[in-house]
Amino acid sequence: MITCKKSTEWIIKKEHGNLSVKQNLQLLSHLTICSFCRLFGEQSLLLNKALNKNNISNSPALTELDKKNMFSYIKNKISG
Amino acid sequence: MNAADADIINEWMKKYSDIFFNYTYKRVKDSDMVKDIMQETFISAWKNTSSFKKKADEKTWLFAILKNKLIDHYRLQAKLAMQPLNSDHYFDEVEHWTDSAAPLVWQNANEAFNNKEFYTVLDICKSKLSRLQQLVFTMKYIDEHETNFICKVLKITASNYWVIIHRSKLNLRNCLEKNWFGK
């Protein structure tokens with residue numbers, strides 16, 4: 001029987017199609033008796049969804065001064 | 001640089017600096033580094049204007065240069081970030097979940113995904129990952145690069161890659177559970 005640590009590792013590999021048939025069977029037999037690892041598997045998929053989502057997290061914006069500074073930096077670099 | 005060159009760069013900046021900033025900030029999370037990457041992009045674009053076919057789409061062309069600069073950035077950061085991964089405390093000596101770390105049921109997960117605050121917490125949890133873990137995550141989940149490519153750029157082995165993804169997932173899951181779902 002594989003351990004929970006191994007099982008979580010294989011759950012992730014399985015998401016990417018990187019698990020052999022034998023490993024898959026071992027994983028499934030672990031999952032039938034381990035509710036924690038089953039939860040982990042569900043949550044791992046949810047996490048993928050959250051990570052994939054174009055999160056609308058608050059990113060700062062460039063100020064006009066930033067842009068001016070960048071422009072003069074570029075101008076200098078190119079002339080130099 | 002003559003006036004015409006200045007006009008070209010000025011126009012690029014007017015059109016694209018906000019888009020490029022948002023795109024890059026999402027991945028790099030450091031305004032100063034983002035500005036550096038953008039400057040490099042515009043300089044490199046200016047040096048290569050002759051290679052730009054008028055027929056091609058200017059925005060696509062500039063974006064391709066930006067993306068290359070971003071890969072250079074990842075590569076350099078990975079070089080700086082080679083440090084031992086912190087050991088985990090999620091499993092006991094027989095590698096079963098410890099009581100404090102065993103997964104709990106997440107209530108209302110789908111609601112969370114439509115909540116802006118959830119992503120702030122997710123960002124905080126991501127920022128707690130090691131630098132190398134963050135790089136792998138950004139390349140994998142935001143840029144959606146292939147595993148082989150990520151390993152090549154960051155100079156890590158495939159087995160190392162899986163260890164990193166595994167640990168990061170465990171860390172993120174735990175952090176979200178403690179700071180969002182467990183509340």
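Residues numbered from 1 in each chain as written. Chains lettered and ligands numbered in written order. Predicted model: local features only at pLDDT ≥ 70, side-chain atom pairs only at ≥ 80, totals over all residues.

Some words on the overall build of chain A
- Within chain A, the regular secondary structure consists of four helices and zero strands.
- For 80 residues, the compact-globule estimate of 2.2 N^0.38 gives 12 Å, and chain A exceeds it by more than 25% at 24 Å.
- Seen through its C-alpha atoms, chain A measures out along the principal axes to roughly 65 × 30 × 15 Å.
- Out of the 80 residues belonging to chain A, those deemed buried represent 21%. (Helix = DSSP H or I, 4+ residues; strand = E, 2+ residues; numbered from the N terminus. Rg over C-alpha atoms; globule rule 2.2 N^0.38 Å. Buried ≥ 20, exposed ≤ 12 C-beta atoms within 10 Å, placed from the backbone.)

Description of the overall build of chain B
- Scanning chain B for helices and strands turns up eight helices and zero strands.
- Helices and strands in chain B line up, N terminus first, as α-α-α-α-α-α-α-α.
- Structurally, chain B occupies a C-alpha span of about 70 × 35 × 25 Å along its principal axes.
- The contacts of chain B with a sequence gap of at least 6 include a subset with a gap of at least 24, amounting to 66%. (Contact = placed C-beta atoms within 7 Å.)

Some thoughts on the interface of chain B and chain A
- Listed as interface residues are 43 residues of chain B and, on the opposing side, 37 residues of chain A.
- Elements with a minimum of two residues in the side of chain B that touches chain A: α1 (3-28), α2 (31-47), α5 (116-127) and α8 (158-181) of chain B.
- A per-element tally of the side of chain B that touches chain A places α1(B) first, with 11 residues.
- Class assignment for the residues of the side of chain B that touches chain A results in 26 nonpolar, eight polar and nine charged. (Nonpolar A, V, L, I, M, F, W, Y, C, P; charged D, E, K, R; others polar.)

Quick look at the packing of helix α4 (residues 64-79) of chain A against α2(B)
- Across the interface, α4(A) lies against α2(B) with an axial gap of 10 Å and an inter-helix angle of 45°. The orientation of α4(A) with respect to α2(B), classified from their angle, is oblique. The two elements α4(A) and α2(B) cross, and the hand of that crossing is right-handed. Contacts between α4(A) and α2(B) involve Asp66(A), Met70(A), Tyr73(A), Ile74(A), Lys77(A) and Ile78(A) on the former and, on the latter, Lys35(B), Met38(B), Gln39(B), Phe42(B), Ile43(B) and Trp46(B).
- The residue makeup of the contact of α4(A) with α2(B), split by class, is eight nonpolar, one polar and three charged. (Axes fitted to C-alpha atoms, helices over the stretch in contact; angles between N-to-C directions. Parallel < 35°, antiparallel > 145°, perpendicular 65-115°, else oblique. Left-handed = near helix turned anticlockwise from the far one by under 90°.)

Description of the domain arrangement of chain B
Residues and elements named next belong to chain B.
- Domains assigned within chain B are domain 1 (3-80) and domain 2 (109-181).
- Placing the centre of domain 1 and that of domain 2 at their C-alpha centroids yields a distance of 25 Å.
- With seven residues of domain 1 in contact, the opposing surface of domain 2 contributes nine residues.
- Counting residues per element, the ones that place at least two in the side of domain 1 that touches domain 2 are α1 and α3 (58-80).
- By residue number, the principal contributor to the side of domain 1 that touches domain 2 is α3, which donates five residues.
- Residue composition of the side of domain 1 that touches domain 2, grouped by class: three nonpolar, one polar and three charged. (Domains from an automatic or database assignment.)

Topic: the environment of Phe91(B)
- Looking at where Phe91(B) falls in the secondary structure, it is placed in the loop between α3 and α4 (109-112).
- When the 18 C-beta atoms within 10 Å are taken as the criterion, Phe91(B) is described as partly exposed.
- Setting aside residues up to four positions removed in sequence, Phe91(B) forms contacts with Cys4(A), Lys5(A), His96(B), Trp97(B) and Thr98(B).

Points about unusual backbone geometry
Residues and elements named next belong to chain B.
- One non-glycine residue, Asn108, lies in positive phi territory at about 55°.
- Tracing the backbone through its elements, the reader meets Asn108 in the loop between α3 and α4.
- Of note in the backbone geometry, Lys155 takes a positive phi value of approximately 55° without being a glycine.
- Considering the arrangement of structural elements, one finds Lys155 in the loop between α7 (147-154) and α8.

Some points on the environment of Lys116(B)
Residue and element names in this part refer to chain B.
- Topologically, Lys116 is positioned in helix α5.
- The exposed category is assigned to Lys116, around which 10 C-beta atoms lie within 10 Å.
- Separated by 45 residues in the primary sequence, Lys116 and Tyr161 have C-alpha atoms spaced 30 Å apart.

Comments concerning the confidence of the model for chain A
- Scored by pLDDT, chain A has a mean of 89; 92% of the residues are at 70 or more.
- Summarising per-element confidence for chain A, the mean pLDDT is lowest in α4(A) (89) and highest in helix α2 (residues 21-33) of chain A (96). (pLDDT = per-residue confidence, 0-100.)

A word on the packing of helix α1 (residues 4-15) of chain A against α2(A)
Residues and elements named next belong to chain A.
- Between α1 and α2, whose axes approach to 10 Å, the crossing angle comes to 125°. When the interaxial angle is binned, α1 and α2 end up oblique. Here α1 runs over α2; the crossing is left-handed. Contact residues: α1 offers Ser7, Trp10, Ile11 and Lys14, while α2 offers Gln23, Asn24, Leu27 and His30.
- Its residues assigned to classes, the contact of α1 with α2 shows three nonpolar, four polar and one charged.

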